[in-house]
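# What the coordinates show
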Amino acid sequence: WKPVLLLLSPPAFSTTCARCAKDRRLRQKRAISERQLTRYFVDQRKVRVVGGQGGGGGHSFYSEPRKVFGGPDGGNGGDGGHVILKADQQMKSLSSVFPFYQGFHGERGGSKNCYGANGAHMYVKVPVGTLVKEDGRVVADLTEHGEEYIAAYGGAGGKGNRFFLSNENRAPTFFTPGEPGQERVLQLELKTTAHAGLVGFPNAGKSSLLRAISRAKPAVAAYPFTTLNPHVGIVHYQDYEQVAVADIPGLIKGAHQNRGLGMAFLKHTERCRFLLYVVDLSVPQPWIQLQDLKYELEAYEKGLSERPCAVIGNKIDLAQSRINLPLLREQVAERVIALSALTGDNLEELLLHLRELYDTYVKTQQSRGQSPVKW
């Protein structure tokens, strides 16, 4: 028999298939369900912070040839580092905050009057709008990007024996250890900072509306309490102004008594400069929804329902909604904007009125000598 040499070609590798697989993985990464988002969005966190311990003082005597009694030369120890909370606009949740932080310790003092190095500060990034409480008392409110709060001070460094040199004691032998750092237990509470807040009952179409006017992708489904976390979408304008709109999870009657999602998400409306009430026009007597929403907001915090607002009548594409629209405008004193988040009808009127509310807010802040919140 004659041997036959078979040349097996290597398996063909298609770059197109690899690119498709990569796109598929990216789509799977983007498609995060609302249940998965609950693991990443955390608006409360209990943290124990301890400042760094100060370095001990040095204990030594100067000595060199022909100078035996050079005197004490032990330097002071370095101070311990602080634990500092710093507001960062890139942070959107408290999920990355650990339950314990400690500052770096200071170094011990050395000979030849050398001071120990100070411990480095420990910076903890938190979202803008984080409220810091201790024993139920508010100690800090981080509302601006880059704002800092010293959560725990580092201990002072100890004194070396050179510090205790005096005319009465020419050769001190004692020194002091470094002081321990401050220890505190803090409660961090996040309140979403946005210009506008979408307030409405479940299935009113708030998440669909936020999808239509921004690039935010909250979960949308035809069952109550689809939205379990606040979502913030950014509306871009041609003059490069950006308006932040927050999708507050749906409220129900008795929310101020912690029914449903309750006060866990009512607090996110406190930071909103103006409110957008989203009403389902297809239900009978839609103005009752507006009255109930205002009552819940006012019962939670006095004056919250009196902020600048607009009423959005959603689902105008339905036949029953066109019948209820004139009835709603008769019962409501505020401006009513009828639109459809599903089909995109009349979204331009909402965007224009949203810009008017934002410009009014900016002028009001500037007249008071305060800087408006920018995104």
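Quick caveat, the model's predicted, so the values are computed rather than measured.

### Some remarks on helix α6 (residues 319–331)
- The axis of α6 is deflected most strongly, by about 30°, at leucine 325, and proline proline 326 appears within four residues downstream.
- Every buried residue of α6 is listed here: Ser321, Asn324, Leu325 and Leu328.

### Focus on the packing of aromatic side chains
- Across all of its chains, the model carries four aromatic pairs by this definition.
- For the pair phenylalanine 164 and phenylalanine 174, a centre-to-centre distance of 4.8 Å together with 55° between the ring planes defines the contact as tilted. With phenylalanine 164 in the loop between β7 (148–152) and β8 (183–190) and phenylalanine 174 in the loop between β7 and β8, this pair connects stretches of sequence that are ten residues apart.
- Overall, the relative accessible area of 23% leaves phenylalanine 164 in the partly exposed class.
- Judged by relative accessible area, which is 43%, phenylalanine 174 ranks as partly exposed.
- An aromatic cluster is built from Phe163, Phe164 and Phe174, whose rings are joined through pairwise contacts.
- Over the aromatic face of tyrosine 123 sits the side chain of lysine 86, whose NZ or CZ is 6.0 Å from the ring centroid.
- A cation over a ring is seen here: lysine 159 above phenylalanine 163, with NZ or CZ 5.0 Å from the ring centre.

### Overview of the nonpolar core
- Leu209, Phe274, Leu276, Leu350 and Leu354 are the most contacted members of the largest nonpolar core, which totals 26 residues.
- Among the secondary structure elements, those contributing two or more residues to this core are β9 (196–199), α3 (206–213), β11 (242–247), β12 (274–280), β13 (309–314) and α7 (347–367).
- Per element, the largest residue contribution to this core is seven residues, and it comes from α7.

### Side note on the pattern of salt bridges
- Tallied over the entire structure, the rule returns ten salt bridges.
- A salt bridge links glutamate 134 to arginine 184; the nearest nitrogen and oxygen atoms lie 2.6 Å apart. Of this pair, glutamate 134 sits in strand β5 (residues 130–134) while arginine 184 sits in strand β8, and the two are 50 residues apart along the sequence. For the residue pair glutamate 134 and arginine 184, the accessibility class agrees, reading buried in each case.
- Residue arginine 355 pairs with aspartate 359 through a salt bridge whose shortest N-O separation is 2.9 Å. In this pair, arginine 355 and aspartate 359 are both assigned in helix α7, four residues apart and thus about one turn of the helix distant.
- For arginine 355, a relative accessible area of 16% translates into the label buried.
- You can call aspartate 359 partly exposed: its relative accessible area is 29%.

### A few points about the sheet that holds strand β2 (residues 83–88)
- Strand order in the open sheet formed by three strands is β4-β2-β7, with mixed pairing between adjacent strands. Two strands bound the open sheet, and with one partner strand each, they are β4 (122–127) and β7. Across the sheet, the mean angle separating the axes of adjacent strands is 30° when strand polarity is ignored.
- When β2 meets β7, the two strands line up antiparallel, connected through four bridges. Each residue of the ladder has a partner; that of valine 83, found in β7, is alanine 152.

Reading the values: the criteria
- Residues numbered from 1 in each chain as written.
- Predicted model: local features only at pLDDT ≥ 70, side-chain atom pairs only at ≥ 80, totals over all residues.
- Heavy atoms only, no water.
- Bend = angle between axes of the 7 residues up to and from the residue.
- Helix = DSSP H or I, 4+ residues; strand = E, 2+ residues; numbered from the N terminus.
- Buried < 20%, exposed > 50% of the residue type's maximum accessible area, 1.4 Å probe, protein only.
- Phe/Tyr/Trp six-rings, centres within 6.5 Å; stacked < 30°, edge-to-face > 60°.
- Lys NZ or Arg CZ within 6 Å of the ring centre and 35° of its normal.
- Core = buried A, V, L, I, M, F, W, Y, C linked by side-chain atoms within 4.5 Å.
- Salt bridge = Lys/Arg side-chain N within 4 Å of Asp/Glu carboxyl O.
- Pairing = 2+ DSSP bridges.
- Axes fitted to C-alpha atoms, helices over the stretch in contact; angles between N-to-C directions.

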